[in-house]
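Residue-level structure breakdown
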Amino acid sequence: MKINHNYLNLKESYLFSLIAKKVNDYKQQNPEKNVIRLGIGDVTLPLVPAVLGAMHNAVSEMGSPHTFKGYGEEQGYSFLRQAVCDYYARKGVMLDKSEVFISDGAKSDLGNILDIFDADNTVIIPDPVYPVYVDTNIMAGRKIIFINGSVENNFLPLPDEKTKGDIVYICSPNNPTGAVYTKEQLKIWVDWALERQAVILFDSAYEAYIRDENLPTSVYQIPGAEKCAIEFCSFSKTAGFTGTRCGYTVIPQALVRTNVPLNKLWLRRQTTKFNGVPYIVQRGAEAVFTEIGFLQVKEQIRYYLENACIMADTLNELGIWFTGGKNSPYIWLKCPNNMSSWEFFDFLLNRCSVVGTPGAGFGDNGEGFFRLTAFGNKGNVVEAMERIRKVLI
Ligand code: PLP
């Protein structure tokens, strides 16, 4: 018996455990202080009424012999796949239901998709980045090339003639930087992939936060992307499904490599290894796309984006460089006074009782940067910004 030794190459992730330890120590030493957390990557508002109503109805259906559901389609119920197609049609992207796969969230599919690619492929991953892309490829023993995000490229790296690889991850709006690729920038990636027969794995988990109508919310808004890109999306940050679990993956029929449609491989993979998302959850997800459901989730997103706006205003006032916040729930700032990520973490905790996430935890290029998230309560965000303004002005 041999274990998968690639797992031993994974770096131990101390980020969130170290944050928890530092916050706990601080709270013990300063029990009177009200610690405000602006590091949470999870939503805090509850499911909206339209989703709840749909889920309640679905629960009742499960209790009647006439409407009870057992195993569903592995690819997802037709009603939800159709709702996703209709949503994309409103963005000007025409999809066929066979191109949509309902998942239990983007994270699983982002990792599992690697099943359909040879381990020999070279993968390009931006740095800093959502750690799942890196770790799932290390587990598979794949060669990884990092491309650098920096202040100079606004944390939106682009390929040049030297960029070589078979698979590239693009996350826009980005976690952790909040940066969003423009259509022109995405076209550079799409043209690059088409020319090299590479595949783009496009993570659009935060697309619902895009307010600027000129920015793309789907890679398929770029001509040719249907021949080179797989898109992963999620109801987690759109509609508060982080605990409910539902997402979807789009693999266009036009995406063919070495004469094999990737859609066919993924369908085979899913029908073999996946038994679908619960009916009740899929009915809840369907409600997100109804007129009333859509208005209700948009209102929650507006609330989070208002938090981001309050943070952005303070950073602007303090002259601190940052990306994100406008079309994303994340703000990525340059630590003031040349502090390292962890120095700034300690500074904020000890001087303001505010907790954020050190950028160094998202890759080497995150050193010297810091992530704030907008998923908290508005009163807390206002209070935190007041405290930060006082110590940094
Ligand atoms: N992609 C990105 C960029 C994320 O930040 C997250 C969650 O934080 C996910 C995917 C995972 O989403 P899900 O809850 O759908 O698995």
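Residues numbered from 1 in each chain as written. Predicted model: local features only at pLDDT ≥ 70, side-chain atom pairs only at ≥ 80, totals over all residues. Heavy atoms only, no water.

A closer look at the packing of helix H11 (residues 341-352) against helix H12 (residues 378-392)
Rules: Every axis corresponds to a line fitted to the C-alpha atoms, with the helix fit spanning only the stretch in contact, and the corresponding angles, defined between N-to-C directions, vary from 0 to 180 degrees. Only DSSP runs of H or I reaching four residues or more are called helices, and only runs of E reaching two or more are called strands; each is numbered from the N terminus. When describing relative orientation, an angle under 35 degrees is termed roughly parallel and one over 145 degrees roughly antiparallel, while 65 to 115 degrees is termed roughly perpendicular and anything else oblique. In this analysis, two residues are considered to be in contact whenever any of their non-hydrogen atoms come within 4.5 Å of each other. Residues are grouped as follows: nonpolar covers Ala, Val, Leu, Ile, Met, Phe, Trp, Tyr, Cys and Pro; charged covers Asp, Glu, Lys and Arg; every other residue, Gly included, is treated as polar.
With their axes 10 Å apart at the nearest point, H11 and H12 run at an angle of 105° to one another. Between H11 and H12, the angle falls in the class roughly perpendicular. Residue-level inspection shows Phe344, Phe347, Leu348, Arg351 and Cys352 of H11 in contact with H12, the latter providing Arg387, Ile388, Val391 and Leu392. Grouping the amino acids of the contact of H11 with H12 by side-chain chemistry returns seven nonpolar, no polar and two charged.

Overview of the site of the ligand
Put simply, the rule reads: Throughout this document, a residue counts as near a molecule or strand when at least one of its heavy atoms sits within 4 Å of that molecule or strand. By the criterion applied in these results, polar contacts are pairs of N or O atoms within 3.5 Å in which, for protein atoms, one can donate a hydrogen and the other can accept it, and in which residues neighboring in sequence qualify only through two side-chain atoms. Using the Shrake-Rupley algorithm and a 1.4 Å probe, accessible areas are obtained, with residue cover drawn only from the displayed protein chains. The method works on a 1 Å grid over the protein atoms by themselves. A cavity is a set of points holding a 1.4 Å probe that cannot get out, a pocket is an open set with protein on both sides within 12 Å along at least five of seven lines, and residues with an atom within 4 Å of a point line them. Cavities and pockets are treated as containing a molecule whenever more than half of the molecule's atoms lie within 2 Å of their grid points.
Neighbouring the ligand are 15 residues; Ala106, Asp203, Tyr206, Ser234 and Ser236 lie closest to it. For the ligand, an oxygen atom lies 2.9 Å from a polar atom in the side chain of Lys237. In isolation the ligand exposes 390 Å². Once the protein is present, 91% of that is buried. When atoms are counted within 2 Å of each cavity's grid points, the one that captures over half of the ligand is the largest pocket. At the level of secondary structure, the elements contributing two or more residues to the shell around the ligand comprise helix H4 (106-112) and helix H7 (236-239). With three residues, H4 is the largest single contributor of residues to the shell around the ligand. In the shell around the ligand, the residues fall into seven nonpolar, four polar and four charged.

Quick notes on the pattern of salt bridges
So the rule is basically this: Salt bridge criterion: a side-chain nitrogen from Lys or Arg within 4 Å of a carboxyl oxygen from Asp or Glu. Here the term buried applies to any residue with accessible area under 20% of the maximum for its type, exposed to any over 50%, and partly exposed to those in between, with areas from a 1.4 Å probe on protein chains only.
Scanning all chains against the criterion turns up 15 salt bridges. Between Arg302 and Glu306 there is a salt bridge, with its nearest N and O atoms 2.7 Å apart. Of the two residues, Arg302 and Glu306 are both situated in helix H10 (residues 291-318); the distance of four residues between them amounts to about one turn of the helix. Exposure remark for Glu306: the relative accessible area of 28% places this residue in the partly exposed category. Across the pair Arg387 and Glu383 runs a salt bridge whose closest N-O atoms are separated by 2.9 Å. On the criterion of helical spacing, the pair formed by Arg387 and Glu383 is a turn pair, its members being four residues apart in helix H12.

A few points about the domain arrangement of the protein
Our working definition: Note: domain ranges come from an automatic or database domain assignment. Put simply, buried area is the surface a 1.4 Å probe can reach on two separate parts but cannot reach once they are joined, added for both.
Here the protein is partitioned into domain 1 (5-46 + 294-392) and domain 2 (49-292). Taking only C-alpha atoms into account, the centre of domain 1 sits 26 Å from that of domain 2. With 33 residues of domain 1 at the contact, the number on the domain 2 side is 43 residues. Interface area for domain 1 against domain 2, summed over the two sides, is near 3,200 Å², with a carbon-plus-sulfur share of 59%. Applying the counting criterion to the domain 1 and domain 2 interface returns zero salt bridges. Seen at the junction of domain 1 and domain 2, the total is 23 residue pairs in polar contact (both at pLDDT 80 or more). When residues of the side of domain 1 that touches domain 2 are traced back to their parent elements, those giving at least two are H10, strand S11 (322-324), strand S12 (330-334) and strand S15 (369-373). Per-element tally for the side of domain 1 that touches domain 2: the top contributor is H10, with eight residues.

What about the side chain of Glu231?
Along the chain, Glu231 turns up in strand S7 (residues 229-234). A distance of 2.5 Å separates a polar atom in the side chain of Glu231 from a polar atom in the side chain of Tyr88. Once you skip the residues sitting within four places of it in the chain, Glu231 turns out to touch Tyr88, Phe202, Ser204, Thr217, Ser218, Val219, Tyr220, Tyr248, Thr249 and Val250.

With respect to empty space enclosed by the protein
Let me state the cut-off plainly: Grid points are joined across faces, edges and corners, and a volume is the space filled by probe spheres set on the points.
Enumeration according to the criterion identifies three cavities of 30 Å³ or more in this entry. Considering only enclosed or pocket space, the largest cavity measures out at about 70 Å³ in volume. For the largest cavity, the full set of lining residues is Pro126, Asp127, Pro128, Gly149, Phe155, Leu156, Pro157, Ile170, Cys171, Asn174 and Tyr181. Every element with two or more residues in the lining of the largest cavity is listed here: strand S3 (122-127) and strand S5 (167-171). Taken together, the residues of the lining of the largest cavity sort by class into eight nonpolar, two polar and one charged.

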